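Each chain, letter by letter, is given below.
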Amino acid sequence: MPKAPNVEGLKLTPYWWESAPSPESDHSDIPVTADVGIVGAGFAGMMAALTLARAGRSVVVFDALKAGAGGSSRNGGICSGNLKFSLSGLIGKFGLEKGKDIFQEGINARSSLRKLIEDEGIDCGFKMTGRFDGAMHVNDYEQMGRESDLMNKHFDLGVYLVPRDKQHEELGTDFYKGGQVRPDIGGAQPAELHRGIYQRAVEAGVRVVDETEITSIVKGNSDFTLSWAKGSIVTGHCIVATNGYTDKVTSWLRRRIVAVPSQLIATDELDQGLINRLMPKGRMIGETRNIFNYYRPSPDGKRIIFGGRRGADTDDDMQKCLHLYHNLVEIFPELEGVRLSHTWWGYTGHSFNYLPHLTVHDGIHYATGFCGSGVVWAPWLGKKAALMIIGDKENARSNFDEMPFPTRPFYNGNPWFLPAVIGWYSLKDRMNQGRKH
Ligand SMILES: Cc1cc2nc3c(=O)[nH]c(=O)nc-3n(C[C@H](O)[C@H](O)[C@H](O)COP(=O)(O)OP(=O)(O)OC[C@H]3O[C@@H](n4cnc5c(N)ncnc54)[C@H](O)[C@@H]3O)c2cc1C
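Only a predicted model underlies this, so the values are computations on that prediction, with no experimental measurement involved.

What counts, and at which threshold
- Residues numbered from 1 in each chain as written.
- Predicted model: local features only at pLDDT ≥ 70, side-chain atom pairs only at ≥ 80, totals over all residues.
- Heavy atoms only, no water.
- Helix = DSSP H or I, 4+ residues; strand = E, 2+ residues; numbered from the N terminus.
- Buried < 20%, exposed > 50% of the residue type's maximum accessible area, 1.4 Å probe, protein only.
- Contact = heavy atoms within 4.5 Å.
- Areas by Shrake-Rupley, 256 points an atom, 1.4 Å probe, with all protein chains shown as cover.
- Near = heavy atom within 4 Å.
- Polar contact = N/O pair within 3.5 Å; in protein donor to acceptor, adjacent residues only side chain to side chain.
- Nonpolar A, V, L, I, M, F, W, Y, C, P; charged D, E, K, R; others polar.
- Lys, Arg positive; Asp, Glu negative; His and termini not counted.
- Salt bridge = Lys/Arg side-chain N within 4 Å of Asp/Glu carboxyl O.
- Phe/Tyr/Trp six-rings, centres within 6.5 Å; stacked < 30°, edge-to-face > 60°.
- Pairing = 2+ DSSP bridges.
- Axes fitted to C-alpha atoms, helices over the stretch in contact; angles between N-to-C directions.
- Parallel < 35°, antiparallel > 145°, perpendicular 65-115°, else oblique.
- Core = buried A, V, L, I, M, F, W, Y, C linked by side-chain atoms within 4.5 Å.
- Disulfide = S-S within 2.5 Å.
- Expected span 1.5 Å × (residues − 1).
- Arc of directions from axis to C-beta.

Asker: Sorry if this is basic, but what is going on with the overall build of the chain here?
Answerer: In terms of helices and strands, the chain carries 11 helices and 18 strands. Considering the chain as a whole, with its 437 residues, one finds that 56% of them fall into the buried category. Pairs at least 24 residues apart make up 76% of the contacts formed inside the chain by residues separated by at least 6 positions. Summed over all atoms, the accessible surface of the chain reaches about 18,400 Å², with 51% contributed by carbon and sulfur.

As structure tokens, then:
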């Protein structure tokens, strides 16, 4: 057992909110009609709103929390556009051409986010840092080699392996059995990214109404009525962008999304020599565990932001914080006893087929199911939902607009099975870690 961390003054709010607190919205004179009503003011909802407003549509966005205070300002800021399936997994599931096409859409979505940040001048610490994924076992390392060859064969990504004896050039740890570098992946400060999209949308004329939970969406002959405790609005179209925060207002979606909590810790500012040794290249980091950790340096390169599954067996923030700290110290023993400045958590939204979805059901447009990778996917599919409404069929096209969106018998949005699933995968991880090589 490592020595306890220093948690004096630990804040239970995202580190990201220090430089980018949630924007304030205006509750006066909420319009009674609009072309489009959007539920959810995260990346997906705000990107849809920006796109629609620039195409001349009147848009009102509602959020039950402060705008962005769902997953979009709580995440790790890793801009991967990855899916739960590797390239070989996609090819195995969908065949060569379709599998490649889906993988290519991830590349396009990532480039589109980068272009958005550059074109709009969004100041969010975005850097093409590259990503290092650590192998938990030599078999994982060998599998990474096959996957890297496949990615380089079909896409010009320059993926490469780093053997264990060179690992310290990437990461100051002996914990992994080598790893893989994806130079095409970067990182951003997510709350600053959200704030940038939010500001551009408001400048384009979008009206955002925060801390206002939509309690019903009623479809009329050619419109929708969205209601909240104190009022209602009639809109020509409706987009639901609630992902891991989906509630009973959309029971159809609730039966299709599993809200999985994830938590992060931030260390205090570290000695510069120490952080240079631990993260010499400032990469985004992942690993091959099923119940994996994801981590990175803060954009100013002074702290480590370290995340992982929160699990579903307790609501105790401190217990989860200590669990993450133990994982951190297992990887970087030099951090034993480090001071933690922040810990926070939020919901990711998973679909049963592990894919994002852009779906129209009963006239409502849904952009959702980002499975923990929404920094890239949510703005991408939010924009495409808007393009569908605008009627720009060519640019609205996505591999995720035609996928079946499965549910499970008797599932109504209460993921009672999560502790068992997480327990099973944790056991598999421990067995994999304990295997001889
Ligand atoms: C801790 C954590 C770490 C993560 N790390 C990464 C990462 O490093 N990289 C990555 O790519 N992804 C990551 N993710 C996932 C990513 O944050 C999400 O996929 C993404 O933010 C989803 O954006 P969104 O706009 O779809 O939904 P959200 O930003 O979650 O917004 C949904 C909003 O809908 C609102 N809402 C719900 N119901 C209603 C209602 N009835 N009325 C009004 N409003 C409603 C909620 O209040 C919420 O604000 C992480 C997520 C978490 C929680």
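After that view of the structure, there is still more to cover.
Asker: What's the story with the site of the ligand in this structure? I'm lost.
Answerer: Lining the immediate surroundings of the ligand are 38 residues, of which D63, G71, S72, I78 and I214 lie closest. Between a nitrogen atom of the ligand and a main-chain N or O atom of G76, the distance comes to 2.9 Å. Contact with the protein chains covers 98% of the free accessible surface of the ligand, which is 1,000 Å². Among the residues forming the shell around the ligand, the class breakdown is 17 nonpolar, 17 polar and 4 charged.

Asker: How should I be thinking about the side chain of N353 in this particular structure?
Answerer: For N353, the position within the fold is in the loop between β16 (340–351) and β17 (357–361). A distance of 3.2 Å separates the side chain of N353 from the backbone oxygen of P404, its partner in a polar contact. Once residues lying within four places of it in the same chain are set aside, the contact partners of N353 are F85, P404 and P406.

Asker: I would appreciate a short explanation of the side chain of K384 in the present structure.
Answerer: Structurally, K384 is set in helix α9 (residues 374–390). There is no salt bridge for the buried K384, and the closest opposite charge comes from E105, which lies 5.3 Å off by N-O distance. Among all residues touching K384, those that are not within four sequence positions of it are E105, L358, N395, A396, R397 and S398.

Asker: Any chance you could explain the packing of aromatic side chains here in plain terms?
Answerer: The relation between two aromatic rings is expressed through the spacing of the ring centres and the mutual angle of the planes. Inspection of the entire model under this criterion finds 17 aromatic pairs. Between Y245 and Y347, the ring centres sit 5.5 Å apart and the planes meet at 75°, which makes this aromatic pair edge-to-face. Taken together, the residues span a long stretch of sequence, with Y245 in the loop between β11 (231–240) and α6 (251–254) and Y347 in strand β16 at a distance of 102 residues. For Y347, a relative accessible area of 31% corresponds to the partly exposed category.

Asker: Sorry if this is basic, but what is going on with the environment of L10 here?
Answerer: Counting through the fold element by element, L10 comes out in the segment before β1 (33–39). Owing to a relative accessible area of 17%, L10 belongs among the buried residues under this scheme. Each C-alpha atom of the pair L10 and R339 lies 8.6 Å from the other, and the pair is 329 residues apart in sequence. Excluding its chain neighbours within four sequence positions, the residues that come into contact with L10 are M318, C321, L340, S341, H342 and T343.

Asker: What exactly am I supposed to notice about unusual backbone geometry here?
Answerer: Most peptide bonds take the trans configuration, and most residues that are not glycine carry a negative phi. Non-glycine residue D29 carries a positive phi angle of around 45°. With respect to the helices, strands and loops of the structure, D29 is situated in the segment before β1. Judged by its relative accessible area of 70%, D29 is exposed. If you check the backbone angles, E211 has positive phi at about 45° while not being a glycine.

Asker: Hey, could you run me through the pairing of strand β4 (residues 131–134) in this one?
Answerer: The side chains of a regular strand alternate between the sheet's two faces. What you see with β4 is no split at all: R131 and D133 on one side and F132 and G134 on the other are buried throughout. Relative to strand β6 (residues 179–182), β4 is paired through 4 bridges, and the arrangement is antiparallel. Bridge assignment links R131 to a residue of β6, and that residue is R182. Sheet analysis places β4 next to strand β13 (residues 284–287), joined by 4 bridges and oriented parallel. In the strand pairing of β13, D133 is matched with G286.

Asker: In this structure, what is going on with the packing of helix α3 (residues 96–120) against α9? I would like to understand it.
Answerer: Interhelical geometry of α3 versus α9 gives an angle of 90° and a closest axis separation of 9 Å. Overall, the two elements α3 and α9 adopt an arrangement that is roughly perpendicular. Taking contact as the criterion, the partners of E105, G106, N108, A109, R110, S112 and L113 in α3 are, on α9, V375, V376, W377, P379, W380, L381 and K384. Its residues assigned to classes, the contact of α3 with α9 comprises 8 nonpolar, 3 polar and 3 charged.

Asker: Teacher, can you tell me more about the nonpolar core here?
Answerer: The tendency in soluble globular proteins is for nonpolar side chains to be buried as a group. Of all hydrophobic cores here, the largest spans 57 residues; its most connected members are I38, M46, V61, L193 and V206. Going through the elements one at a time, β1, α1 (43–54), β2 (59–62), α2 (87–94), α3, α5 (190–203) and α9 are the ones with two or more residues in this core. Those residues in contact with V61 that lie beyond four places of it in its chain are I38, G40, A41, M46, A49, V206, R207, V208 and V209.

Asker: Whenever I open this one, the state of the cysteines confuses me. Can you help?
Answerer: Under the defined criterion, the tally for this structure stands at 0 disulfides. Not part of a disulfide, C124 finds its nearest cysteine sulfur in C79, a span of 7.4 Å. Since its relative accessible area comes to 1%, C124 is described here as buried.

Asker: Looking at this structure, how should I read helix α11 (residues 418–434)?
Answerer: Each α-helix winds once per 3.6 residues, and so residues spaced three or four apart point in a common direction. For α11, with 17 residues, the first-to-last C-alpha span of 24 Å sits near the 24 Å given by 1.5 Å per residue. Buried within α11 are the following residues: L418, I422, S426, D429 and N432. End-on view of α11: buried residues confined to an arc of 120°, all on one side of the axis. Opposite the packed face of α11, turned more than 90 degrees from it, sit the exposed residues A420, W424, R430, M431 and G434.

Asker: Got a minute to help me understand the pattern of salt bridges in this structure?
Answerer: Two side chains bearing opposite charge may form a pair once their charged atoms approach each other closely. Within the structure shown, the criterion is met by 20 salt bridges. Across the pair D210 and K66 runs a salt bridge whose closest N-O atoms are separated by 3.5 Å. Of the two residues, D210 is situated in the loop between β8 (207–209) and β9 (216–219) and K66 in the loop between β2 and β3 (78–79); the sequence distance between them amounts to 144 residues. The exposure class assigned to K66 is partly exposed, which follows from its relative accessible area of 22%. Here the salt bridges do not stand alone but share partners, grouping E24, K66, D210 and E211 into one network.

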